[in-house]
Amino acid sequence: MKIINPTSTETIIELVDDHPERLLEKYNTLQAARADWSQKLLAERMIVIAKFVEGLKEEIESLAGILTAETGKPIQQARNEINGAISRISWMMENVQKYLSPEQMRSRPHLEETITYEPLGTICNISAWNYPYLVGVNVFIPALLAGNTVLYKPSEFATNTGLQIDRLLKRAGLPDNVLQVAIGGADVGKALLDLDFDGYYFTGSYKTGKAIYKQVASKMVPCQLEMGGKDPLYITDDLADVKAVAEATADGAFYNNGQSCCAVERIYVHEAVYDAYVEAFVAQVKRWKLGDPIMEDVYFGPLTRSAQLLLLEDQVADALAKGATLLLGGRRADRRGYYFEPTVLVNVNHDMALMREESFGPIIGIMKVRNDEEAVALMQDTDYGLTASVYADQQMRAVSILTKINIGTAYWNCCDRVSAALPWSGRQHSGLGVTLSHQGIRAFTKPKAWHLIGQ
Ligand code: NAD
């Protein structure tokens, strides 16, 4: 397997994919280690994770460089991601004791009813490349803290980062056989589904997630899927500062080159503020620099995968053929690497793929709406259900709109945001199951109900 630098298009390193026999060996190693690891005190497991965090802090510069080299993520955003992962782990560490300790639900004379949380066993984590630290940490940290052993398959587009995570965990004192890394792409992912894991935790596209869900169904074990989105943003006419909102929401659409599961993917703007919003939005996008992601002042690097360039070109062509107007970009950038110019389209509608299918790139459609009812209908017109955002000075108006939308996360006056304290979950084609929050800690356990009746 070749790891390509999307900026230079040169090969960074060639790695050997794990063949099925090697995957079985890794699986057997993990199975053999589960009893020891699960019987350790939570406090001992927490020491390992605390040391892992120290490693991330000490090596943040070189880790960010590796991430930028293999994904094209601008260096500042690579640092932000690692810092974000550190603060996510901090929340988990502060709360894990509380949520994994036995819970006494009822206590009466001669009767006690208690819940304990037991590890699942050996879990399989098939991961994505767009935020390899963040989406990885959502799974392997609580899984390890809860006493599971973990087969971690980083994306083929972020494998060097996956190997760094493995190295730092082992250096922090994680026994070698408690986490194993699977090297490879889709075929290796598929081969993992043939092994009898005690849970499958996937982050990636709807297409792959659906295939995984189908294939592991008969195993009767937990299968969590964090998948894509087509997240809507609605700008109401109830805003004191349209320009500031346009600038903030442009970042929600274009941060990480639009390659975020919760990136703003389509925008609806009330007709009363439409012109001012579009003008300020385009002006903000023009201010951001496109270039070599290793430079501190670059906001737009290359896309991680060359194949996505074709998808974006198709979405632009389809939208233009159906009457859209291009305000900015619309094509590959004229330079080496997988660059696409930041693209803004207006006069768009829901007949266009741009407004219905995940773009996962630096491209956005902005649509004018007459009122809240029209905005709600359009926001709801999707197969996905990850997040939605409403900007309005009046909280009541925003909450009333967001209550009507079938989503896992609702944003008032913010967007493209994740909190470790809140459940991260998609609905419909965006996902199944929960990471983060207390629910995301317990997602790696099975509850046991104790009915204790004494004399
Ligand atoms: P992908 O589905 O192409 O790949 C994800 C992982 O699955 C990779 O490790 C890949 O090797 C593996 N894989 C591919 N085919 C497989 C198969 N048939 N069986 C088993 N494993 C297989 O997705 P991607 O391009 O890595 O990630 C981008 C997608 O992930 C986007 O849709 C994005 O929205 C989504 N995502 C969602 C979240 C979330 O929290 N909801 C977070 C990040 C990314």
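Above this note sits the structure.
Residues numbered from 1 in each chain as written. Predicted model: local features only at pLDDT ≥ 70, side-chain atom pairs only at ≥ 80, totals over all residues. Heavy atoms only, no water.

Peer 1: Describe the overall build of the chain, listing the residues and the values that go with them.
Peer 2: If you tally the helices and strands in the chain, you get 14 helices and 20 strands. For 455 residues, the compact-globule formula gives about 23 Å, and the C-alpha radius of gyration of the chain, at 23 Å, lands near that figure. Considering only C-alpha atoms, the chain reaches an extent of 75 × 60 × 40 Å along its principal axes. By residue count, 58% of the 455 residues in the chain fall in the buried class. Sequence-distant contacts in the chain: of pairs separated by 6 or more residues, those separated by 24 or more amount to 71%. (Helix = DSSP H or I, 4+ residues; strand = E, 2+ residues; numbered from the N terminus. Rg over C-alpha atoms; globule rule 2.2 N^0.38 Å. Buried < 20%, exposed > 50% of the residue type's maximum accessible area, 1.4 Å probe, protein only. Contact = heavy atoms within 4.5 Å.)

Peer 1: Talk me through helix 8 (residues 206–216); I want residue IDs and the actual numbers.
Peer 2: By the burial criterion, the buried members of helix 8 are G209, I212 and V216. Buried residues along helix 8 cover an arc of 65° about the axis, so they all sit on one side. With respect to the buried face of helix 8, the exposed residues turned more than 90 degrees away are K207 and K214. If you follow the buried residues of helix 8, they end up packed against strand 5 (122–126), strand 8 (200–203) and strand 9 (223–226). (Arc of directions from axis to C-beta.)

Peer 1: Outline the sheet that holds strand 3 (residues 103–108), supporting the account with residue identities and numerical values.
Peer 2: Strand order in the open sheet formed by 3 strands is 3-4-20, with antiparallel pairing between adjacent strands. The open sheet has two free edges, formed respectively by strand 3 and strand 20 (445–453), since each of these has just one partner strand. Taking the axes of each pair of neighbouring strands and ignoring which way they run, one obtains an average angle of 15° across the sheet. Summarising the sheet, strand 4 (residues 111–119) and strand 20 pair through 9 bridges and their orientation is antiparallel. (Pairing = 2+ DSSP bridges. Axes fitted to C-alpha atoms, helices over the stretch in contact; angles between N-to-C directions.)

Peer 1: Could you give me a rundown of the nonpolar core, with the residues and numbers involved?
Peer 2: Y277, F281 and I366 are the most contacted members of the largest nonpolar core, which totals 94 residues. A per-element tally of this core places helix 4 (residues 75–100) first, with 12 residues. Mapped onto the domain boundaries, this core takes at least three residues apiece from domain 1 (2–227 + 426–453) and domain 2 (231–412). Not counting chain neighbours up to four residues away, the residues in contact with I366 comprise I267, V269, Y274, Y277, V278, F281, V344, L345, V346, N347 and V348. If you look at the next biggest cluster of nonpolar residues, it comprises 30 residues, including M352, M367, A375 and A388. (Core = buried A, V, L, I, M, F, W, Y, C linked by side-chain atoms within 4.5 Å. Domains from an automatic or database assignment.)

Peer 1: An account of the sheet that holds strand 19 (residues 431–432) is needed here, citing residue identities and associated values.
Peer 2: Read across the sheet, 6 strands follow the order 7-6-5-8-9-19 without closing on themselves; strand pairing throughout is mixed. Edge positions in the sheet fall to strand 7 (179–181) and strand 19, since each of these pairs with one other strand and no more. Sheet topology places strand 8 next to strand 9; 4 bridges connect them, and they run parallel. When the sheet's bridge partners are listed, T203 is paired in strand 9 with E226. Of the strands in this sheet, strand 6 (149–153) and strand 7 touch helix 6 (residues 159–171), which is tilted by about 155° from strand 7. Contacts from helix 8 reach strand 5, strand 8, strand 9 and strand 19 within the one sheet, and its direction differs from that of strand 9 by about 175°.

Peer 1: Explain the site of the ligand to me, using residue names and the numbers behind them.
Peer 2: The immediate surroundings of the ligand are formed by 29 residues, with S127, E156, S205, T208 and E358 found nearest. Here an oxygen atom of the ligand and a side-chain polar atom of K153 are 2.9 Å apart. For the ligand, the accessible surface in isolation is 850 Å², of which the surrounding protein chains cover 92%. Elements represented by at least two residues in the shell around the ligand include exactly helix 7 (186–192), strand 8 and helix 8. With 3 residues, the top contributor of residues to the shell around the ligand is helix 7. (Near = heavy atom within 4 Å. Polar contact = N/O pair within 3.5 Å; in protein donor to acceptor, adjacent residues only side chain to side chain. Areas by Shrake-Rupley, 256 points an atom, 1.4 Å probe, with all protein chains shown as cover.)

Peer 1: Any chance you could break down the packing of helix 5 (residues 132–145) against helix 6 for me, citing the residues and the numbers?
Peer 2: Packing of helix 5 against helix 6 brings their axes to within 11 Å, and their N-to-C directions diverge by 35°. The two elements helix 5 and helix 6 cross, and the hand of that crossing is right-handed. Of helix 6, the residues touching helix 5 (which contributes P132, Y133, F140 and L144) are T161, Q164, I165 and L169. Looking at the contact of helix 5 with helix 6 residue by residue, the classes come out as 6 nonpolar, 2 polar and no charged. (Left-handed = near helix turned anticlockwise from the far one by under 90°. Nonpolar A, V, L, I, M, F, W, Y, C, P; charged D, E, K, R; others polar.)

Peer 1: Lay out the pattern of salt bridges in plain terms, naming residues and giving numbers.
Peer 2: This structure, assessed with the given rule, holds 28 salt bridges. Salt-bridge contacts for K26 lead to D18; the nearest nitrogen and oxygen are separated by 2.9 Å. Of the two residues, K26 and D18, both sit in the buried class. For R331, the salt bridge is made with E341, and the minimal N-O distance between the two is 3.4 Å. Of the two residues, R331 is situated in the loop between strand 14 (325–328) and strand 15 (343–346) and E341 in the loop between strand 14 and strand 15; the sequence distance between them amounts to 10 residues. Its relative accessible area of 47% is what places R331 among the partly exposed residues. Salt bridges here are not isolated pairs; linked through shared partners, they connect E58, E59, R167 and R171. (Salt bridge = Lys/Arg side-chain N within 4 Å of Asp/Glu carboxyl O.)

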